[in-house]
Amino acid sequence: MSEKLLYTKEHEWVLVKGNIVRIGISDYAQNELGDIVFVDLPSVGDWVEEGEGFCALESVKAVSDVYAPVSGKVVAVNEELEDSPELINESPLDKGWIVEIEVEGTPQVGDLMSEQEYAEYLKGV
Amino acid sequence: MRYLPLTKDEQQEMLASLGLEKIEDLFQDIPAEAMFQGDLDVPGPLSEAELVRHFRELAGKNKDATQLVSFLGAGAYDHLIPSIIKHIVGRGEFLTAYTPYQPEITQGVLQSIFEYQTMICELTGMEASNASMYDGASALAEACLMACAATKRELVILPATLHPEWQAVVRTYLENQDVSIVFMPQHAETGTVDLDRLADLPWAEAACVVVQQPNFFGLLEDVAALKARIHEAKGLLVMAVDPISLSLLKSPGELGADIVVGDGQSLGQAMGYGGPAFGFFATTDKLIRRMPGRVVGETVDAEGKRAFVLTLQTREQHIRREKATSNICSNQALNALAATIYLSVLGKQGFRDVGYQCLQKASYMKQRLLEIPGLSSPFSAPTFREFAVRGQVDWVEINKRLLDHGFLGGLPLARFGHPDLVLFSVTEARTKQEIDDFVSTLRGLIQ
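Trainee: Go over the overall build of chain B with me, naming the residues and quoting the values.
Mentor: Looking only at helices and strands, one finds 13 helices and 14 strands in chain B. Considering only residue pairs separated by 6 or more positions, chain B has 72% of its internal contacts joining residues 24 or more positions apart.

In structure tokens:
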């Protein structure tokens, strides 16, 4: 499954299923942030714009925004994160998913990196 | 801060490096006709002894509640202040302490703030309190902004019965944030929010409804009705409360409030011609990360001993920058400490006694005043420590004449659109004798 993941330069991962885009943060990002203690989730029904910080992750070190890789409507949020924000640290690519965004038409994800490209990209950060 | 002397020699040295001869040359670009000629009309220098005498004379022209018998309230109240407060607050460890960024060296201040927060939670019946705000009005404005952030809505419903100066502060905070304000009208007879005219208000769009308890006119609002409306619409209930009234009334927490704010002046703070006092701010655990201001938390140190730290700082602007919950990055620590000592010294029973005496004495004076021909009660809702009286009298002129008798009269409400109303406040500090003397003096002035 992880092979289908695409990555952004801001270290989010994106999983496309039809016109639904599931978003989380990469293993590298969770490791950099440290223990996550709070996730300020958006609400289902919110409209997010590409490039917009739509969710805040609070770790013991800092607060970081999660940026939307696509524009669309939030159709699901991972409510388990409200009580168990550590899921992002423990399982960033699976149980630590954050939101699902429904886009109009086909998701424009051509600019995003494959897993190998992201691995290369990380060598440069 | 170092004192930097400026000698004639140094002046000359600086002028020489600028290629100038005298100070006046610095102003040569200003046309001569625009320059003030001659000497300014200000008095010459005074010796230390002359200066002290001069300022004593000026200060002596002020009249305050230590010299007058005060029935003035409307936000600042003449309550008794136990003298132990000034002795503890005046200790160098508290008086000179800077904001407690470093827990390693500021355990005392941090603990005092933690105790303050605990007391505010007990008083309001809420789960979390911050370390204090600048004053009650700005705390209310912050509560409105917090409600907007928490609900993602951009409209707040305020009562027309909210203190007009608080309304102005809230407007100032909200008007550049694209938040609109809608008012709930006042019922002409009860003087409280008109519950029959709530249906047309935009509840579904409202981030919060605000209730001031007691309201500006000293009247007790029906909170339950407003709570039901706003919670049904998934908005928040914000209560602005008088802390002394909480000694007798059901706590905002029990009433279902989501955010509780108020002005702390009545908790052991001198009126001081209007300040400084402090504001308090409390909320629920659920909303704690939306709360503005600093919060002190209890933890354990490396050796497992009880310790205090500033906590949940990721809400604040030194970390969150433009996304902080608020740009308040300070608190009124010394004033909050005074309130903490006040509440500790009084204890639960003493605090209840203060509230009970306010209620009884205010009620007695209201009854006595209404015996004066020409005076009547404008509103029917119950009151606590303040009440309005109606009379076709020039209340501003009456107040001037009351001053000659050593009384500070009530607040004439003419400048708030009620030309025939005056607002009286009666605290536990008033004696029956003072009340009786005031009533008979006022009777004489009116007749």
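Trainee: I'd like a description of the sheet that holds strand β13 (residues 411-412) of chain B, backed by residues and values.
Mentor: Strands belonging to one sheet form pairs held by backbone hydrogen bonds; the direction of such a pair is parallel or antiparallel. Residues and elements named next belong to chain B. The sheet built from three strands is open, its strands ordered β11-β14-β13 with antiparallel pairing. Each end of this open sheet is capped by a strand with a single partner; those strands are β11 (386-390) and β13. Summarising the sheet, β11 and strand β14 (residues 421-425) pair through five bridges and their orientation is antiparallel. Its bridge partner being in β14, Glu 386 is matched across the sheet by Ser 425.

Trainee: Explain the interface of chain B and chain A to me, and be specific about the residues and the numbers.
Mentor: Counting residues at the interface gives five residues for chain B and five residues for chain A. Of the residues that constitute the side of chain B that touches chain A, the class distribution is one nonpolar, one polar and three charged.

Trainee: Quick rundown of the sheet that holds strand β2 (residues 12-17) of chain A? Include the residues and the values.
Mentor: Residue and element names in this part refer to chain A. Read across the sheet, six strands follow the order β1-β2-β3-β9-β8-β5 without closing on themselves; strand pairing throughout is antiparallel. Each edge of the sheet is formed by a strand with only one pairing partner; in this case those strands are β1 (6-7) and β5 (47-48). Summarising the sheet, β2 and strand β3 (residues 20-25) pair through six bridges and their orientation is antiparallel. From the neighbouring strand, Val 16 faces β3, where its bridge partner is Val 21.

Trainee: Can you explain the nonpolar core? Please cite residues and give values.
Mentor: One finds B:Leu140, B:Cys144, B:Ala147, B:Val156, B:Cys208, B:Val210 and B:Val238 to be the most contacted residues of the largest nonpolar core, which totals 108 residues. Looking at this core element by element, the count peaks at 15 residues for helix α11 (residues 333-369) of chain B. Counting 28 residues, the second-largest nonpolar core is a separate cluster that includes A:Leu33, A:Leu41, A:Leu81 and A:Ile98.

Trainee: Can you lay out helix α6 (residues 136-151) of chain B for me, pointing to particular residues and giving the numbers?
Mentor: Between the first and last C-alpha of α6(B) there are 22 Å, a value that for 16 residues agrees with the 22 Å anticipated at 1.5 Å per step. Immediately downstream of α6(B), the backbone of B:Lys152 shows phi near 55°, a positive value.

Trainee: A description of the packing of helix α5 (residues 107-124) of chain B against α11(B) should follow, citing residues and the corresponding values.
Mentor: Residue and element names in this part refer to chain B. α11 packs onto α5 with a crossing angle of 60° between their chain directions and a minimal axis gap of 9 Å. With respect to their mutual orientation, α5 and α11 come out oblique. Seen along the crossing, α5 lies across α11 with a hand that is left-handed. From α5, Val 109, Ser 112, Ile 113, Glu 115, Tyr 116 and Met 119 reach across to α11, where they touch Ala 333, Ala 336, Leu 337, Ala 339, Thr 340 and Leu 343. Looking at the contact of α5 with α11, its residues break down into nine nonpolar, two polar and one charged.

Trainee: Could you give an account of the pairing of strand β8 (residues 279-283) of chain B, naming the residues involved and the relevant values?
Mentor: Residue and element names in this part refer to chain B. Buried residues dominate β8, accounting for five of its five residues. Here β8 shows two buried faces, one formed by Gly 279, Phe 281 and Thr 283 and the other by Phe 280 and Ala 282. Two elements, strand β2 (residues 128-129) and β8, share two bridges in a ladder whose sense is antiparallel. Residue pairing for β8: Ala 128 is matched across the bridge by Thr 283. In this sheet, β8 lies alongside strand β7 (residues 259-263) in antiparallel orientation, the contact comprising five bridges. Directly across from Gly 262, in β8, lies its bridge partner Phe 280.

Trainee: Requested: an account of the domain arrangement of chain B, with residues and values cited.
Mentor: Accessible area lost during the coming together of the parts is what is often quoted as the interface size. Residues and elements named next belong to chain B. For chain B, the domain assignment lists domain 1 (69-80 + 348-446) and domain 2 (84-342). Each of domain 1 and domain 2 has a C-alpha centre, and the two are 28 Å apart. The partner domain 2 presents 20 residues to the 25 residues of domain 1 that form the contact. Sorting the residues of the side of domain 1 that touches domain 2 by element identifies α11 and β11 as the ones contributing at least two each. Ranked by the residues each element gives to the side of domain 1 that touches domain 2, the list is headed by α11, at seven residues. The residue makeup of the side of domain 1 that touches domain 2, split by class, is 16 nonpolar, five polar and four charged.

Trainee: Quick rundown of unusual backbone geometry? Include the residues and the values.
Mentor: Most peptide bonds are trans, and most residues other than glycine sit at a negative phi. At the junction of B:Gln213 and B:Pro214, the peptide bond is cis and its omega measures out at -15° in the coordinates. With respect to the helices and strands, B:Pro214 occurs in the loop between β5 (208-213) and α8 (223-232). Residues B:Gly275 and B:Pro276 are joined by a peptide bond in cis, for which omega reads 0°. Examined against the element boundaries, B:Pro276 turns out to sit in the loop between β7 and β8. A positive phi angle, near 75°, is found at A:His11, a position not held by glycine. Here the phi dihedral of B:Tyr273 falls at roughly 55°; this positive angle occurs in a residue that is not glycine. Mapped onto the elements of the fold, B:Tyr273 is located in the loop between β7 and β8.

Trainee: Lay out the pairing of strand β6 (residues 236-241) of chain B in plain terms, naming residues and giving numbers.
Mentor: Consecutive side chains of a regular strand alternate in pointing toward one face of the sheet and then the other. Residues and elements named next belong to chain B. The element β6 is largely enclosed, with a buried count of six among its six residues. Neither face of β6 is exposed, since Leu 236, Val 238 and Ala 240 on one face and Leu 237, Met 239 and Val 241 on the opposite face are all buried. Inspection of the sheet shows β5 paired to β6 by six bridges, in the parallel sense. Residue Gln 212 lies in a different strand from β6, and its bridge partner there is Ala 240. At this point the chain moves from β5, through α8, to the parallel β6, and the crossover so formed is right-handed. The sheet contact formed by β6 and β7 spans three bridges and is parallel.

Trainee: An account of the environment of B:Ile259 is requested, with residue identities and associated values reported.
Mentor: All names here are of chain B. Relative to the helices and strands, Ile 259 is located in strand β7. Look at Ile 259 and you get buried, because 29 C-beta atoms sit within 10 Å. Spatially, the C-alpha atoms of Ile 259 and Val 393 are 40 Å apart, while their sequence positions differ by 134 residues. If near-sequence neighbours (up to four positions away) are discounted, Ile 259 is found in contact with Ala 143, Met 146, Ala 147, Leu 236, Val 238 and Thr 283.

Trainee: If you had to explain the environment of B:Val300 to someone new, which residues and values would you point to?
Mentor: Residue and element names in this part refer to chain B. Residue position: Val 300 is located in strand β9 (residues 295-300). Sequence separation between Val 300 and Phe 280 is 20 residues, and the spatial gap between their C-alpha atoms is 26 Å. If near-sequence neighbours (up to four positions away) are discounted, Val 300 is found in contact with Lys 305, Arg 306 and Ala 307.

Trainee: Provide a residue-level description of the confidence of the model for chain B, including the pertinent values.
Mentor: A low pLDDT score tells you not to read the predicted coordinates there in detail. For chain B, per-residue confidence averages 94 on the pLDDT scale, and 100% of positions sit at 70 or higher. For this predicted complex, the interface confidence score (ipTM) comes to 0.74, while the overall pTM stands at 0.87.

Trainee: Quick one: what's the story with the environment of A:Trp13, residue by residue and with numbers?
Mentor: All names here are of chain A. Within the fold, Trp 13 resides in strand β2. What makes Trp 13 buried here is the crowd of 26 C-beta atoms within 10 Å. Along the chain, Trp 13 and Asn 31 lie 18 residues apart, while their C-alpha atoms are 14 Å from each other. Beyond its immediate stretch of four places on either side in the chain, Trp 13 contacts Leu 5, Leu 6, Tyr 7, Gly 24, Ile 25, Ser 26 and Leu 93.

Cut-off values and rules
- Residues numbered from 1 in each chain as written.
- Chains lettered and ligands numbered in written order.
- Predicted model: local features only at pLDDT ≥ 70, side-chain atom pairs only at ≥ 80, totals over all residues.
- Helix = DSSP H or I, 4+ residues; strand = E, 2+ residues; numbered from the N terminus.
- Contact = placed C-beta atoms within 7 Å.
- Pairing = 2+ DSSP bridges.
- Nonpolar A, V, L, I, M, F, W, Y, C, P; charged D, E, K, R; others polar.
- Core = buried A, V, L, I, M, F, W, Y, C linked by C-beta atoms within 7 Å.
- Buried ≥ 20, exposed ≤ 12 C-beta atoms within 10 Å, placed from the backbone.
- Expected span 1.5 Å × (residues − 1).
- Axes fitted to C-alpha atoms, helices over the stretch in contact; angles between N-to-C directions.
- Parallel < 35°, antiparallel > 145°, perpendicular 65-115°, else oblique.
- Left-handed = near helix turned anticlockwise from the far one by under 90°.
- Domains from an automatic or database assignment.
- Right-handed = clockwise from strand over helix to strand, strands pointing away.
- pLDDT = per-residue confidence, 0-100.

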